[in-house]
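# Secondary and tertiary structure notes
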Amino acid sequence: MTAPTGAGKTALVRELDSSRFEIISFDSRQIYKELSIGTAAPSSEDCEKIPHHLVSFLSPSESIDAAKFVTKAEEALDDILSRGKIPVLTAGTGFYLNAFLYGMFPVPKISEEIKVKVESLSMEERIQELQKLDPKALQKIFPNDNYRYGRALEVNWMGTLWSELKVEEGSGALISKNLNILGAFFLDLDRKELYERIDSRARKMIESGMAEEAKRVSDKYGEDCPGLQSLGYNFALENIKGTSNLETFFGNLSQSHRNYAKRQITWFRKQKILEPIHPIEAYKKIKNING
């Protein structure tokens, strides 16, 4: 099940029967510890109601690549299936889900010199370089995925067009794990309803202490740590430093999430496997699955 930010997938899955289902989360930001407010990660209460895998397991000072993430997802899948449960895959980061289901690109070994060179570039600079070297890559990368922009640029600077890499057939879990997909949904809300939900969640994030959360992590790991590259934390840091007021913080946070949701929707609608559906109908279909 995929959904744009704010569509309510966490609220939906927490109501599923935990004696039958467990959740594997494919979200590139909810992976971080200590950043639960600004990433809208499932709460401890959510996880007590129904187990969530691949949530809040990584330090904000660390990064994880898709290959390592897929390995962890495969381990979670095997664990769930070994106990006779039905895994529900939830995704905000479509690239991770696709890599898990269909397989990884066979990327060349990257030299340390190129890694350092790419690491020194901002997201905007990475996009500019890709636009010159491999513009088709930008059409395939999930919007605002700074890590993926960097990986694509590394591959291009090693002399291989990232956009022309082909996934090795049969390398994903769909075939290697012989998965039977019992439902593939994209939570498709009316745009007005989605934006109202995003606004409400942005207010809740601010009221719950997102700015204070950002400061704690910044003081501990540095303002440039990977975890604080998550959507909206730049506005939280501006607010806690006193360079923006609450009204500006809310406006910027809400708009950034709206923009991100638009890009997610565009991406998910291109995935032919996904059925657009309202969350209420998706819940009914999932809870009635027999596995």
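Reading guide: rules and limits
- Residues numbered from 1 in each chain as written.
- Predicted model: local features only at pLDDT ≥ 70, side-chain atom pairs only at ≥ 80, totals over all residues.
- Heavy atoms only, no water.
- Core = buried A, V, L, I, M, F, W, Y, C linked by side-chain atoms within 4.5 Å.
- Buried < 20%, exposed > 50% of the residue type's maximum accessible area, 1.4 Å probe, protein only.
- Helix = DSSP H or I, 4+ residues; strand = E, 2+ residues; numbered from the N terminus.
- Contact = heavy atoms within 4.5 Å.
- Pairing = 2+ DSSP bridges.
- Phe/Tyr/Trp six-rings, centres within 6.5 Å; stacked < 30°, edge-to-face > 60°.
- Lys NZ or Arg CZ within 6 Å of the ring centre and 35° of its normal.
- Domains from an automatic or database assignment.
- Buried area = accessible area lost by both parts, 1.4 Å probe.
- Salt bridge = Lys/Arg side-chain N within 4 Å of Asp/Glu carboxyl O.
- Polar contact = N/O pair within 3.5 Å; in protein donor to acceptor, adjacent residues only side chain to side chain.
- Patch = residues over 30% accessible without salt bridge, like charges linked within 9 Å, V, L, I, M, F, W, Y side chains within 5 Å.
- Areas by Shrake-Rupley, 256 points an atom, 1.4 Å probe, with all protein chains shown as cover.

### A word on the nonpolar core
Ile24, Phe26, Phe100, Met210, Leu228 and Phe249 are the most contacted members of the largest nonpolar core, which totals 42 residues. Elements supplying a minimum of two residues to this core: strand E1 (21-26), helix H3 (66-82), strand E3 (86-91), helix H4 (94-102), helix H10 (191-208), helix H11 (210-221), helix H12 (233-241) and helix H13 (246-269). Among the elements that line this core, the one with the most residues is H3, at seven residues. Filtering out sequence-adjacent residues up to four positions away, Phe26 remains in contact with Phe69, Ala73, Leu89, Thr90, Ala91, Gly92, Thr93, Tyr96, Leu97 and Phe100.

### A word on the side chain of His257
Within the secondary structure, His257 is located in helix H13. Leave out the neighbours within four places in its chain, and His257 touches Thr5, Ile198, Arg201, Met205 and Leu231.

### Regarding the sheet that holds E1
Spatial ordering of the open sheet is given by E2-E1-E3, a layout of three strands whose pairing is parallel. Each edge of the sheet is formed by a strand with only one pairing partner; in this case those strands are strand E2 (52-53) and E3. In the sheet, E1 pairs with E3 via six bridges, with the strands oriented parallel. In the strand pairing of E3, Ser25 is matched with Thr90.

### Some remarks on the packing of aromatic side chains
Taken as a whole and judged by the stated rule, the model has five aromatic pairs. Centroid distance Phe26 to Phe69: 5.6 Å. Interplanar angle 55 degrees. Geometry classified as tilted. Remark: Phe69 occurs in helix H3 and Phe26 occurs in strand E1; sequence separation between them is 43 residues. Like Phe69, Phe26 is buried. Among the aromatic residues, those joined into a ring-pair cluster are Phe26, Phe69, Tyr96 and Phe100. Seen from the ring of Trp157, Lys117 lies directly overhead, with NZ or CZ sitting 4.2 Å from the centre.

### Topic: the pairing of E1
In terms of burial, E1 is largely enclosed, as six of its six residues are buried. Across the two faces of E1 the burial is the same, with Phe21, Ile23 and Ser25 and Glu22, Ile24 and Phe26 all buried. Sheet topology note: the E1/E2 ladder contains two bridges and is parallel. Bridge pairing in E2 places Ile24 opposite His53.

### Observations regarding the domain arrangement of the chain
For the chain, the assigned domains are domain 1 (9-104 + 170-288) and domain 2 (112-164). The straight-line distance from the C-alpha centre of domain 1 to that of domain 2 is 24 Å. Taken together, the two surfaces of domain 1 and domain 2 that pack against each other cover about 910 Å², and 64% of this comes from carbon and sulfur. Its largest share of buried area at the contact with domain 2, domain 1 owes to Phe95, Arg263 and Trp267, together 53% of the area lost on that side. Applying the counting criterion to the domain 1 and domain 2 interface returns zero salt bridges. At the junction of domain 1 with domain 2, the criterion picks out zero residue pairs in polar contact (both at pLDDT 80 or more).

### Quick word on the pattern of salt bridges
Applying the stated rule across the entire model yields 18 salt bridges. For the salt bridge of Arg83 with Glu22, the shortest nitrogen-to-oxygen distance reads 2.5 Å. With a gap of 61 residues between them, Arg83 in the loop between H3 and E3 and Glu22 in strand E1 connect regions that are remote in the sequence. Relative accessible area serves as the criterion here: at 40%, Arg83 is assigned to the partly exposed category.

### So, a nonpolar patch on the surface
A cluster of nonpolar side chains, Tyr102, Ile181 and Ile273, forms an exposed patch at the surface whose accessible area comes to about 240 Å². Along the polypeptide, Ile273 turns up in the loop between H13 and strand E5 (275-277). Judged by relative accessible area, Ile273 falls into the partly exposed class, the value being 39%.

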